[in-house]
Amino acid sequence: MTTTTTAVLVPLLPFLGAAAGLLLGRRAPGFVRPLAVLPTLAAAVLAVVVACRQGGGAPLDAATRLTPTGSVPIDLALHLDGFAVLVAVLVGVVATCVQLYSTAYLRDDPRYPSYAALVSLFTSAMLLVVYSGDLMVLLVGWEIMGICSYFLVGHYWETEAARSASLKAFLVTKLGDVPFLIGILALAADAGTFRINGILSAVASGSVGHPTLIALLLLAGVAGKSAQFPLHTWLPDAMAGPTPVSALIHAATMVAAGVYFIARLLPVFTASSAALVVLAAMAAVTMVGSALAALAQDDIKRVLAYSTVGQLGYMTGALAVGDRDAAVFHLISHGAFKALLFLGAGVIIHAAGTNSLGAMARMGGLAKRVPDAYWTMTVALLALAAIPPFSGFFSKEAVLGAAEHATGADAHGIPHAAGWTVLTAGLLTALLTAAYATRLWLLAFHGKGPQAPDLPRAPDSVRAGETPLRQPAVMNAVLWVLFIPTLGLGLAAWKLPDFFDGRSLTPTLTTSVLGTGCALAGLLVTYAAWRRTAPLATRVPLGAVAADPDAAPYVSEEEAIATHVAAYGHIAGAHDPADPGRLLLGPLHRHAVTGFHLDAVYAKLFVRPVRAAARLVRFLDREVVDAYVSGAGGAPRLLGAAVRRAQTGNVQTYLSALLAGSVVLAVAAVLVATGA
């Protein structure tokens, strides 16, 4: 089988699995799990085969004319380079882990068949984006992911949080997709083709007439899809969906699509210095703002959500300084450890019976009850904090090194302002990232108080009541699978340049010392703050726990989401004096916990005016348009009523009326004839 045929099967197999799952879900439920797992696993294996065959060599292109349009044709094109094949491996591996994990996590969910099919379709759409060599075909996968996210985020549709989150995710991303589509059409009009290779050739020859405008239009779509400021507000709320969906969205699909898109079309952005400065500013605000917000969240998944926003800021920052090697390296390493963090969070929520870090801080022994999640998440949090020698250290240092290089005189075509902006924000975010990662670890695993709610124990119970919980084996196995790249992917820093553009990804001394120093400072300061606030956890009760030990893991999560506001007063935060984040942020905490009130700002600037306009339209439709329509129908109705009164059925009346009419006509005729 040729490499081209193998690559075609990679997105096709999950699509066929999704179609079969939807058709057979109710008729043959026994086939649902195999149809969810096996096609995705096969796609992952084939993606690895394609990556090995491509091997960092010359890009492989294949295309066939999809349809003539009369102007710019659309091709079903395939483009395989080092970036595409490695990102496809990431997507396949994470999607397979998510499907396996979901078989246990949602084992009793009556909507599991449709859920599994949507996850497969989601995976297929992302793989289409990765392998596509034509922008219109890429756009198809781009939009399918948006639809799938709407249904998957709203999986727990019985809860208000899930319903509003799914709608918000759909609308905010579509707000960015409108200028994104305009930008694609404008780019194709200037280049004369939708083929990515043709567009890059047109940019190199200077045929693209408005690079700044086009880059900014495309950037709007990227900001929506990859949750960058100011269109990032949908992603934290999307945590109302199932935890495996969160892992898939954050690690390997959707939010990664925007970063990958810029990496593929980076020459379009580097053709405009203004666009690079805007991209750098957007990345800097996103990094710092999301890290501050993460430090204030009470929901463990919202901490990780804001963390994703910030790490995506690192990737867009690397692209702003013209280094797509560092951006995609961080995308791949982040995908591994962030998938591990989310799936580990699902285990914790099941064990603790809550998603509240404040409640977990008042439970003892949680780390001993879920040892697999404890050890794997510890390493993943160290990778997130960029502590050497874990994978996050190498990829984040590649970003900081690229930013430092952009500040020098030998950075051709890259504004120095972009380099300094990304470098400064990156170092500050490194400190804050270590702070919120340390806070999550301490609150979740080192609580002070009664034992965590007990779940069914393993048959071979051992000493002193500290038996680990009997979590489904497949959930723990997936954690250890993702643990391997989280621990060792940094070693790829010496090999990845062969697949990428050849830029060095090894850490530099200056940024390594600065970045690691900032991370260690954040870790130590947070630990000191926790030592000061931890005693309050035993004295100040907080909220309630909705544990359901005998139910499937998803039940605990659904109950936790539904009861968080009632138990803790806010969907994102909790009034917890034992929270070290509250001590570290001080008066900034109340603003950070709400995401700096951006939702309130958008409500005043956009939501309320739109609703007011809708009420005005409804009034005009009912009171003005309907009045004219009713009037037009009322006149014939009145005339008909008058005529109906004349229809009495009396023959004498009819003859009298006929005689009177005849007399009137005769008199009129005589008057006309005499000229009177």
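Refer to the structure printed above.
Residues numbered from 1 in each chain as written. Predicted model: local features only at pLDDT ≥ 70, side-chain atom pairs only at ≥ 80, totals over all residues. Heavy atoms only, no water.

K.L.:
Describe the packing of aromatic side chains, naming the residues involved and giving the relevant values.
P.N.:
Tallying each qualifying case throughout the model produces 16 aromatic pairs. Here the aromatic rings of Trp-142 and Phe-261 are separated by 5.8 Å at their centres, their planes lie at 65 degrees, and the arrangement is edge-to-face. Of the two residues, Trp-142 sits in helix H5 (residues 135–153) while Phe-261 sits in helix H11 (residues 255–264), which places them 119 residues apart along the sequence. With respect to burial, Trp-142 and Phe-261 carry one shared label: buried. Each ring, one from Tyr-527 and one from Trp-530, has its centre 5.9 Å from the other, and the planes form 35 degrees; the classification is tilted. On the criterion of helical spacing, the pair formed by Tyr-527 and Trp-530 is a turn pair, its members being three residues apart in helix H22 (residues 509–537). (Phe/Tyr/Trp six-rings, centres within 6.5 Å; stacked < 30°, edge-to-face > 60°. Helix = DSSP H or I, 4+ residues; strand = E, 2+ residues; numbered from the N terminus. Buried < 20%, exposed > 50% of the residue type's maximum accessible area, 1.4 Å probe, protein only.)

K.L.:
Help me get a handle on the nonpolar core, residues and values and all.
P.N.:
As a rule of thumb, nonpolar side chains are buried together in soluble globular proteins. Counting residues in hydrophobic clusters, the biggest one holds 207 residues, and the most contacted among them are Tyr-131, Trp-234 and Phe-500. Considering every element that reaches this core, the biggest residue donor is helix H15 (residues 324–352), with 18 residues. Excluding residues within four positions of it along the chain, Tyr-131 makes contact with Ala-7, Val-10, Pro-11, Ala-47, Val-50, Ala-77, Leu-78, His-79, Leu-80, Ala-84, Val-85 and Ala-88. (Core = buried A, V, L, I, M, F, W, Y, C linked by side-chain atoms within 4.5 Å. Contact = heavy atoms within 4.5 Å.)

K.L.:
Can you tell me about the side chain of Asn-355, naming the residues and giving the values?
P.N.:
Structurally, Asn-355 is set in the loop between H15 and helix H16 (357–360). In this structure Asn-355 comes out as buried when scored by relative accessible area, which is 3%. A polar contact is formed between the side chain of Asn-355 and the side chain of Asp-299, at a distance of 3.3 Å. (Polar contact = N/O pair within 3.5 Å; in protein donor to acceptor, adjacent residues only side chain to side chain.)

K.L.:
Report on H5, specifying residues and quantitative values.
P.N.:
Along its 19 residues, H5 runs 27 Å from first to last C-alpha, staying within 8% of the 27 Å computed at 1.5 Å per residue. Capping the start of H5, Asp-134 holds a side-chain oxygen 3.0 Å from the backbone nitrogen of Met-136, two or three residues further along. (Expected span 1.5 Å × (residues − 1).)

K.L.:
With reference to specific residues and values, describe the layout of surface pockets.
P.N.:
Approximately 460 Å³ is the volume attributed to the second largest pocket. Around the second largest pocket sit 22 residues that line it, and Val-8, Pro-11, Leu-76, Leu-128 and Val-137 are the ones nearest its centre. Contributions of two or more residues to the lining of the second largest pocket are made by helix H1 (3–24), strand S1 (60–67), strand S2 (74–80), helix H4 (112–131) and H5. Of the residues in the lining of the second largest pocket, the class split is 18 nonpolar, four polar and no charged. (1 Å grid on protein atoms, 1.4 Å probe; cavity = no way out; pocket = protein on both sides within 12 Å on 5 of 7 lines; lining within 4 Å. Points joined across faces, edges and corners; volume = space filled by probe spheres on them. Nonpolar A, V, L, I, M, F, W, Y, C, P; charged D, E, K, R; others polar.)

K.L.:
Let's hear about unusual backbone geometry: which residues, and what values?
P.N.:
Note that the residue after Phe-229, namely Pro-230, is joined by a cis bond; omega there is 10 degrees. Structurally, Pro-230 can be placed in the loop between helix H8 (211–225) and helix H9 (234–237). In this structure, Pro-389 follows Pro-388 across a cis peptide bond, with omega equal to 10 degrees. Summarising the element assignment, Pro-389 is placed in the loop between helix H18 (371–384) and helix H19 (391–406). The residue Ala-227 is not glycine, and still its phi comes out positive at about 55 degrees. In this structure, Ala-386 takes a positive phi of about 65 degrees despite not being glycine. Its location among the elements puts Ala-386 in the loop between H18 and H19.

K.L.:
Talk me through the packing of H15 against helix H21 (residues 473–488); I want residue IDs and the actual numbers.
P.N.:
In contact at an axis separation of 9 Å, H15 and H21 are set at 155 degrees when each is read in the N-to-C sense. With respect to their mutual orientation, H15 and H21 come out roughly antiparallel. Note on packing geometry: the crossing formed by H15 with H21 is left-handed. Where H15 abuts H21, its residues Ala-336, Phe-337, Ala-339, Leu-340, Leu-343, Gly-344 and Val-347 lie against Met-475, Val-478, Leu-479, Leu-482, Phe-483, Pro-485 and Thr-486. Split into classes, the residues belonging to the contact of H15 with H21 amount to twelve nonpolar, two polar and no charged. (Axes fitted to C-alpha atoms, helices over the stretch in contact; angles between N-to-C directions. Parallel < 35°, antiparallel > 145°, perpendicular 65-115°, else oblique. Left-handed = near helix turned anticlockwise from the far one by under 90°.)

K.L.:
Go over the environment of Thr-421, please, and point to the residues and values.
P.N.:
Here Thr-421 shows up in helix H20 (residues 416–445). Overall, the relative accessible area of 31% leaves Thr-421 in the partly exposed class. It is 6.8 Å that separates the C-alpha atoms of Thr-421 and Ala-281, two residues lying 140 residues apart in sequence.

Shape descriptors only; they carry no functional weight alone.
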